[in-house]
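# Examination of the molecular architecture
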Amino acid sequence: LTVNKQQSSVSLVSLQSREKPRGCAGCNRKIRDRFMLQALDRYWHEDCLKCACCDCRLGRLGSTLYTRANLILCRRDYLRLFGVTGNCAACSKLIPAFEMVMRARDNVYHLDCFACQLCRQRFCVGDKFFLKNNMILCQLDYEGGHLNGSAERQPQ
């Protein structure tokens, strides 16, 4: 079993007036447009180079496409189907490979789970947070020493 995984870029090519029209790899018709796309060592109409899953057009200049298992995919669908997933350090639930995450050292969190694990205060951009005993804490809970064994603060 061989797995074909390839990342490729898309380029726009001008069709010269005297040049014989090339066949489109997507629809097999001749490309008579002024411009055509070149990707995966083949030529495409701009509307024919699409993601096999979501049908989004992959013809933006310099965009990246992915191929695996004979599928041409956008980044999101490639990651959704073949990307590495992991578990959230706070809730232990699966994090899909395409989902935005927060990281603290080696820990990865869902955006909604990235909150103080004692008082549940969510963090905004620029807020200080602390990692103690592998728990995310807000400044108040960290400085209050609520994890030193005395007077444990109850989560709200």
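Check the entry above for the structure.
Let me begin by describing the structure that accompanies this report. (Residues numbered from 1 in each chain as written. Predicted model: local features only at pLDDT ≥ 70, side-chain atom pairs only at ≥ 80, totals over all residues. Heavy atoms only, no water.)

## Some remarks on the layout of surface pockets
Selection criterion: The rule is simple: put a 1 Å grid over the protein atoms alone, call a set of points where a 1.4 Å probe fits but cannot get out a cavity, call an open set with protein on both sides within 12 Å along at least five of seven lines a pocket, and count a residue as lining if it has an atom within 4 Å of a point. Grid points are joined across faces, edges and corners, and a volume is the space filled by probe spheres set on the points. Residues were grouped as follows: Ala, Val, Leu, Ile, Met, Phe, Trp, Tyr, Cys and Pro as nonpolar; Asp, Glu, Lys and Arg as charged; and all remaining residues, including Gly, as polar.
Of the volumes computed, that of the largest pocket is approximately 160 Å³. If you trace the largest pocket, you find it lined by Met102, Leu111, Phe114, Arg122, Phe123, Cys124, Val125, Gly126, Asp127 and Phe129. Tallied by class, the residues present in the lining of the largest pocket amount to 7 nonpolar, 1 polar and 2 charged.

## So, the pairing of strand β12 (residues 107–110)
Selection criterion: Paired strands are those between which DSSP finds at least two bridges. Runs of E in the DSSP output that reach at least two residues are strands. Runs of H or I that reach at least four are helices, and both are numbered from the N terminus.
With 4 bridges connecting them, strand β11 (residues 101–104) and β12 associate as antiparallel partners. Residue pairing across strands places methionine 102 opposite tyrosine 109, the latter belonging to β12.

## A look at the environment of isoleucine 72
Put simply, the rule is: Exposure classes here rest on a 1.4 Å probe applied to the protein chains alone. A residue is buried below 20% of its type maximum, exposed above 50%, and partly exposed in between. Here, two residues are considered to be in contact whenever any of their heavy atoms come within 4.5 Å of each other.
Relative to the helices and strands, isoleucine 72 is located in strand β8 (residues 71–73). Classification of isoleucine 72 as buried rests on a relative accessible area of 14%. Filtering out sequence-adjacent residues up to four positions away, isoleucine 72 remains in contact with Leu40, Arg42, Trp44, Leu49, Lys50, Cys51, Ala52, Leu58, Leu65, Tyr66 and Thr67.

## A look at a nonpolar patch on the surface
Threshold: Here a patch means residues that are over 30% exposed by relative accessible area and free of salt bridges, tied together within 9 Å if like-charged and within 5 Å if nonpolar (Val, Leu, Ile, Met, Phe, Trp, Tyr). Only the protein chains shown count as cover for residues, with accessible areas throughout obtained via the Shrake-Rupley method and a probe of 1.4 Å. The term salt bridge refers to a pairing of a side-chain nitrogen on Lys or Arg with a carboxyl oxygen on Asp or Glu at a separation within 4 Å.
On the surface, a nonpolar cluster with roughly 290 Å² of combined accessible area is contributed by Met100, Met102 and Leu111. Turning to its location among the elements, methionine 100 is positioned in the loop between β10 (94–95) and β11.

## Examining the pattern of salt bridges
Between side chains of opposite charge, a pair can form when the charged atoms approach closely. Summed over all chains, the structure comprises 2 salt bridges. With its nearest N and O atoms 3.1 Å apart, the salt bridge here joins arginine 57 to aspartate 47. With arginine 57 in the loop between β6 (42–44) and β7 (64–68) and aspartate 47 in the loop between β6 and β7, this residue pair connects regions lying 10 residues apart in the sequence. Notably, a salt bridge pairs aspartate 112 with arginine 122, separated by 3.6 Å at the nearest N-O pair. Note that aspartate 112 is positioned in the loop between β12 and β13 (130–132) and arginine 122 in the loop between β12 and β13, a separation of 10 residues in sequence. The exposed category is assigned to aspartate 112, whose relative accessible area is 58%. For arginine 122, a relative accessible area of 46% gives the class partly exposed.

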